[in-house]
Amino acid sequence: MNIAFTSDLSGIGGGETFLINLIECVPKETNKIILFCNSDGDLVRILSKKGIKVYIVNFLNKKSVIKNVISIRKTLKEEKIEIIHSNGLLTSILFCIAGIGVIRNNYWTCHGQWYVLNRLTRKALKVCNKTIFCVSKACEKNLNSMGIDNTIVSNLGIPVSMYHDADKGSLRAELDIDKDTFVIATIGRFQIIKGQLKGVKAVERLIREKKKIKYLLVGDNVFGSSMDERYKNEVAEYIRKAGLEGEVLMLGERRDVKNIYKNIDLLLIPSDNESFGMVAAEALAAETPIISTPNDGVSEILENNPLMIAKENNEESLYLALKRFMEDVQVRQSLKEFEHTKWNKYDIERITKIYMKHFKG
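What this report covers is the structure whose coordinates are included nearby. Counting restarts for each chain: residues are numbered from 1 in the order of the written sequence. Selection of residues for local features in this predicted model requires a pLDDT of at least 70, selection of side-chain atom pairs for listing and counting requires 80 or more, and totals for whole chains, interfaces and linings are taken over all residues. Here the side-chain values reflect all heavy atoms present in the structure, with hydrogen atoms and water set aside.

1. A few points about the sheet that holds strand β8 (residues 182-187)
Here is step 1: Pairing between strands is defined by DSSP: at least two bridges between them are needed. A helix here means a DSSP run of H or I that spans at least four residues, while a strand means a run of E at least two residues long, and both kinds are numbered starting from the N terminus. Spatially, five strands are ordered β10-β9-β8-β11-β12 in an open sheet, and the strand pairing comes out parallel. For this open sheet the edge positions go to β10 (248-252) and β12 (290-292), each flanked by a neighbour on one side alone. Here the strands of the sheet are splayed against their neighbours by 25° on average, with no regard to which way each runs.
Here is step 2: Pairing analysis gives six bridges linking β8 to strand β9 (residues 213-218), with the strands arranged parallel. For isoleucine 187, the partnering residue across the bridge sits in β9 and is valine 218.
Here is step 3: Whether two residues are in contact is decided by their heavy atoms, any of which lying within 4.5 Å being enough. Fitted lines through C-alpha atoms serve as axes, helices being fitted only where they are in contact, and the angles separating the N-to-C directions of these axes extend from 0 to 180 degrees. Across the face of the sheet, helix α12 (residues 278-286) comes into contact with β8, β11 (266-269) and β12 while running at roughly 165° to β11.

And the structure:
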């Protein structure tokens, strides 16, 4: 098959990471793959280095819709594309229109459970997409509630062995963290919805109780948003004013995330909302304990385990969940047993087979 993937974003978030994982796992000997990306960026560079042909088209520019449709259609013909898969809602409609009479089928992966769609958009999604892959049950439930029923739940996937078999690397030595220090990390882009400030305030309470902790904030403003940059600066300023620079470390983006999971004692996910939660799947594969807010996606990954999910989405509940984990050996053992049986649940090879089965159908 000749498959075109599309991405609205070129920074590396969870959806883009999954797209890389999916493209890498599609058998290349029997399939040709190209990518359409709305702008240049890390996603384009990563996939280009892997030999994927990339077309950069500003298809989100409303002023150039007709021009873009013509350009995209020409490329689809030249590349003899049969299947289109989009990560963006409106993009899936746009590419379906561009591919009328050229492509065989069009697909969309829904990454959000918050959509409120008008009647025309709902109709277009049903008509344009043969199948809509939903990254969680919450995403499917939301679409179904609006009458969009050509859906299946297909979680995001990761190369589980990469995380499960990773070595520790040298992070603790690099940061001069001794073996007796309890290390917590939050991994993700800086964005208000990701809740890093909430996480800092929860961990701060444990630090004030004289617990020996290092809290690592791994990630950056990956999409270049001015709002996200202000939030990152707000978090940094809070850390400075609270005198936590020695205990809370902002590490920026890292290329050794798989090793970081093996160096930390706990992954903290303080997000206000997650439609799935790639970091939870990665930590699960590494068998790294997780404490999370009660958001839809991560709660689903953790099977609503009350030992791993705070009662409420606030600083107080996160603090209590963290404190319980640190002080109760039975809680830690229970989490260890849970993760040991679930580590390979989100294997990208299994999930790629789901996509390919539908692409061939």
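2. Remarks on the side chain of glutamate 16
Here is step 1: Positionally, glutamate 16 belongs in helix α1 (residues 14-25).
Here is step 2: For every residue, the accessible area (1.4 Å probe, protein chains only) is compared with the maximum for its type, and the residue is labelled buried under 20%, exposed over 50%, or partly exposed between those bounds. The sign given to each residue is positive for Lys and Arg and negative for Asp and Glu; His and the chain ends receive no count. Salt bridges are counted wherever a side-chain nitrogen of Lys or Arg sits within 4 Å of a carboxyl oxygen of Asp or Glu. This buried residue, glutamate 16, is left without a salt bridge; arginine 189 holds the nearest opposite charge, at 5.9 Å.
Here is step 3: Here a polar contact means two N or O atoms within 3.5 Å. Within protein one must be a hydrogen donor candidate and the other an acceptor candidate, and residues neighboring in sequence count only if both atoms are side-chain atoms. A polar contact is formed between the side chain of glutamate 16 and the backbone nitrogen of glycine 13, at a distance of 2.8 Å.
Here is step 4: For glutamate 16, the contacting residues outside a window of four places in its chain are Ser7, Leu9, Gly11, Leu43 and Phe223.

3. Overview of the packing of aromatic side chains
Here is step 1: Within 6.5 Å between ring centres, the rings of Phe, Tyr and Trp (the latter by its six-membered ring) count as paired, and their orientation is classed by plane angle as stacked under 30 degrees, edge-to-face over 60, tilted in between. Within the structure shown, the criterion is met by 16 aromatic pairs.
Here is step 2: Here tryptophan 108 and tyrosine 115 contribute two aromatic rings whose centre-to-centre distance is 6.0 Å and whose plane-to-plane angle is 55°, an arrangement assigned as tilted. The burial state of tryptophan 108 is the same as that of tyrosine 115; both residues are buried.
Here is step 3: The cationic tip of arginine 205 hangs over the ring face of tyrosine 319; the distance from NZ or CZ to the ring centre is 4.0 Å. Here, a charge over a ring means that NZ of Lys or CZ of Arg falls within 6 Å of the ring centre while also lying within 35 degrees of the ring normal.

4. Some points on the pattern of salt bridges
Here is step 1: Summed over the entire model, instances satisfying the criterion amount to 24 salt bridges.
Here is step 2: Arginine 172 is the partner of aspartate 265 in a salt bridge, and the nearest nitrogen-oxygen pair spans 3.1 Å. Placement of the pair is aspartate 265 in the loop between α11 (257-263) and β11 and arginine 172 in helix α8 (residues 171-175), with a sequence separation of 93 residues.
Here is step 3: Given the relative accessible area of 26%, aspartate 265 is considered partly exposed.
Here is step 4: By relative accessible area, arginine 172 is classed as buried at 16%.

5. Topic: the side chain of arginine 172
Here is step 1: Looking at arginine 172, its side chain comes within polar contact range of the main-chain oxygen of threonine 181, at 3.2 Å.
Here is step 2: Side-chain polar atoms of arginine 172 contact the side chain of aspartate 265, separated by 3.1 Å.
Here is step 3: When neighbours within four sequence positions are excluded, arginine 172 is seen to be in contact with Ile177, Asp178, Lys179, Thr181, Val183, Asn263 and Asp265.

6. Some thoughts on helix α3 (residues 65-78)
Here is step 1: What a helix should span is 1.5 Å times the count of its residues minus one. Helix length check: α3, at 14 residues, gives a terminal C-alpha distance of 20 Å against a target of 20 Å (1.5 Å per residue), a fit within 8%.
Here is step 2: Those residues of α3 that fall on the buried side of the exposure criterion are Asn68, Val69, Ile72, Thr75 and Leu76. Down the axis of α3, the smallest arc covering the buried residues is 135°, so these residues share one side. With respect to the buried face of α3, the exposed residues turned more than 90 degrees away are Ile66, Lys67, Ile70, Lys74 and Glu78.
Here is step 3: Packed against the buried residues of α3 are β1 (2-7), β2 (32-37), β3 (53-56), β4 (83-86) and α4 (89-98).
Here is step 4: Backbone geometry just after α3 places lysine 80 at a positive phi near 55°. This arc describes the spread of directions from the helix axis toward the C-beta atoms.

7. Re the pairing of strand β6 (residues 131-134)
On a regular strand, one side chain projects to one face of the sheet and the next to the other, so that they alternate.
Here is step 1: Taking every second residue as pointing to the same face, both faces of β6 are buried, with Thr131 and Phe133 on one and Ile132 and Cys134 on the other.
Here is step 2: As paired elements, strand β5 (residues 105-110) and β6 share four bridges and run parallel to each other. What sits directly across from tyrosine 107, in β6, is threonine 131.
Here is step 3: Orient the strands so they point away from the viewer; a crossover is then right-handed if the path from the first strand over the helix to the second runs clockwise. Handedness of the crossover joining β5 and β6 through helix α5 (residues 119-128): right-handed.
Here is step 4: In terms of strand pairing, β6 meets strand β7 (residues 151-153) through three bridges, oriented parallel. Residue pairing for β7: isoleucine 132 is matched across the bridge by threonine 151.
Here is step 5: Handedness of the crossover is the feature at issue here: the chain leaves β6, passes through helix α6 (residues 137-145), returns alongside β7, and the resulting connection is right-handed.

8. Focus on the packing of α1 against helix α16 (residues 348-360)
Here is step 1: The interhelical angle for the contact between α1 and α16, taken along N-to-C directions, is 80°, at an axis separation of 9 Å. On the basis of the axis angle, α1 is roughly perpendicular to α16. Counted together, Phe18, Asn21, Leu22 and Cys25 of α1 and Ile348, Glu349, Ile351, Thr352 and Tyr355 of α16 form the full contact between these two elements.
Here is step 2: Nonpolar residues are Ala, Val, Leu, Ile, Met, Phe, Trp, Tyr, Cys and Pro. Charged residues are Asp, Glu, Lys and Arg, and all others, Gly as well, are polar. Partitioning the contact of α1 with α16 into residue classes produces six nonpolar, two polar and one charged. To sort the angles, those under 35 degrees are grouped as roughly parallel, those over 145 as roughly antiparallel, those from 65 to 115 as roughly perpendicular, and the leftovers as oblique.

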